[in-house]
Amino acid sequence: MSNNSSLIGSKIRGLRETKNLSVEEIAERSGLTVEQINSIENDVNLPSLGPLIKIARALGVRLGTFMDDSDALGPIVTRAKDREADSSISFSNGAVDARKHMEYHPLAQQKAGRHMEPFVIDINPEESPEFQLSAHEGEEFIYVMQGEVEIVYGKETYNLKEGDSIFYDSIVKHHVHGAPGKSAKILAVVYIPF
């Protein structure tokens, strides 16, 4: 399975340059540091989803723009065999060592004009996850397909097992990761107002 996380940095840089924006302007608009933007654009740091959402808003584009949008206006069908063969996008958990802990498989990347971002996400096991909470506008829905996950939401932690789901406002600081030492597969739908 190929990985196109390296394409995200170049897409962000290309969009920023096309819009004649400096790294400093994107940092100011997004609330991220210049160093964070540079490391994402140069593929030094694998970002978590939160910073990507902030960069998308700062650039005035949808998150899907970083994930190979095309112009299909009708329904999009993603076959299981095609999803597994397609390239995935890996994100870190925001830890200092930027290890990959989630592999995102977009389910509607050819759909233009969408307001929701659906993914099947493989969560890799970690014995003691280190993470940073993030917040952004919008809502998220998560359904656990396999395994067990923890969602830190504000001051609460929710443990979800296969068949469980959660729907929450993304403006509250949160983080999704596997239960310690466990892998999981989830269906996640992220809504980001544009």
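Here the structure is a predicted model, which is why all the values come from computation and not from measurement. (Residues numbered from 1 in each chain as written. Predicted model: local features only at pLDDT ≥ 70, side-chain atom pairs only at ≥ 80, totals over all residues. Heavy atoms only, no water.)

In terms of regular secondary structure, the protein chain is built from 5 helices and 8 strands. In the protein chain, buried positions account for 47% of the 194 residues. If you take every contact in the protein chain between residues at least 6 apart in sequence, the share linking residues at least 24 apart comes to 68%. About 9,600 Å² of surface is accessible on the protein chain, with carbon and sulfur atoms providing 51% of the total. (Helix = DSSP H or I, 4+ residues; strand = E, 2+ residues; numbered from the N terminus. Buried < 20%, exposed > 50% of the residue type's maximum accessible area, 1.4 Å probe, protein only. Contact = heavy atoms within 4.5 Å. Areas by Shrake-Rupley, 256 points an atom, 1.4 Å probe, with all protein chains shown as cover.)

As a working rule, side chains carrying opposite charge can pair if their charged atoms are close by. Tallied over the entire structure, the rule returns 5 salt bridges. Ionic pairing is found between E137 and R57, a salt bridge with its closest N-O pair at 3.4 Å. Pair noted here: E137 is in the loop between β3 (116-123) and β4 (139-153) and R57 is in helix α4 (residues 49-59), with a separation of 80 residues, a long-range link. The class of R57 is partly exposed, set by a relative accessible area of 36%. Note that K185 and D122 form a salt bridge whose closest N and O atoms lie 2.8 Å from each other. Of the two residues, K185 sits in strand β8 (residues 184-191) while D122 sits in strand β3, which places them 63 residues apart along the sequence. The pair formed by K185 and D122 is uniform in burial state, with each residue classed as buried. Overlapping salt bridges bring together R13, R16 and E41 as one network. (Salt bridge = Lys/Arg side-chain N within 4 Å of Asp/Glu carboxyl O.)

Moving on to the pairing of strand β6 (residues 165-169). Within a regular strand, side chains alternate between the sheet's two faces. Side-chain alternation along β6 places I166 and Y168 on a buried face and S165, F167 and D169 on a face that remains uncovered. The pairing of β4 with β6 spans 5 bridges and is antiparallel. Its bridge partner lying in β6, Y143 is registered against S165. (Pairing = 2+ DSSP bridges.)

Next up on the list: the confidence of the model for the protein chain. On average, the protein chain scores 80 in pLDDT, and the residues at 70 or more come to 76%. Below pLDDT 50 for its whole length, residues 1-5 participates in 18 contacts with residues either more than four positions away or in separate chains. The low-confidence segment residues 92-99 (pLDDT under 50) makes 25 contacts with residues lying over four places distant or belonging to another chain. (pLDDT = per-residue confidence, 0-100.)

Time to look at the packing of aromatic side chains. Ring pairs (aromatic) are described by centroid distance and by the angle formed between their planes. A complete count under the given rule lists 2 aromatic pairs for this structure. For the ring pair F141 and F167, a centre distance of 6.5 Å and an interplane angle of 50° mean the geometry is tilted. Highlighted residues: F141 in strand β4 and F167 in strand β6, separated in sequence by 26 residues. For the ring pair Y153 and Y168, a centre distance of 5.2 Å and an interplane angle of 55° mean the geometry is tilted. Note that Y153 is positioned in strand β4 and Y168 in strand β6, a separation of 15 residues in sequence. Using a relative accessible area of 19% as the deciding quantity, one classes Y153 as buried. Exposure remark for Y168: the relative accessible area of 4% places this residue in the buried category. (Phe/Tyr/Trp six-rings, centres within 6.5 Å; stacked < 30°, edge-to-face > 60°.)

It is worth spelling out the side chain of H136 at this point. Relative to the elements of secondary structure, H136 occurs in the loop between β3 and β4. A distance of 2.9 Å separates the side chain of H136 from the side chain of E140, its partner in a polar contact. Apart from the residues lying within four places of it in its own chain, the contact partners of H136 are G50, I53, S170, I171, H174 and V190. (Polar contact = N/O pair within 3.5 Å; in protein donor to acceptor, adjacent residues only side chain to side chain.)

Let's shift gears to unusual backbone geometry. Located in the positive-phi region is N20, a residue other than glycine, with phi close to 55°. As for its position among the elements, N20 is in the loop between α1 (5-18) and α2 (23-30). A relative accessible area of 67% means that N20 is categorised as exposed.

Position of H174 relative to the elements: it lies in strand β7 (residues 174-178). Note on H174: relative accessible area 5%, which makes it buried. Within polar-contact distance, the side chain of H174 engages the backbone oxygen of V172 at 2.8 Å. If we skip the residues at most four places from it in the chain, H174 touches L133, S134, A135, H136, E140, V152, Y153 and Y168.

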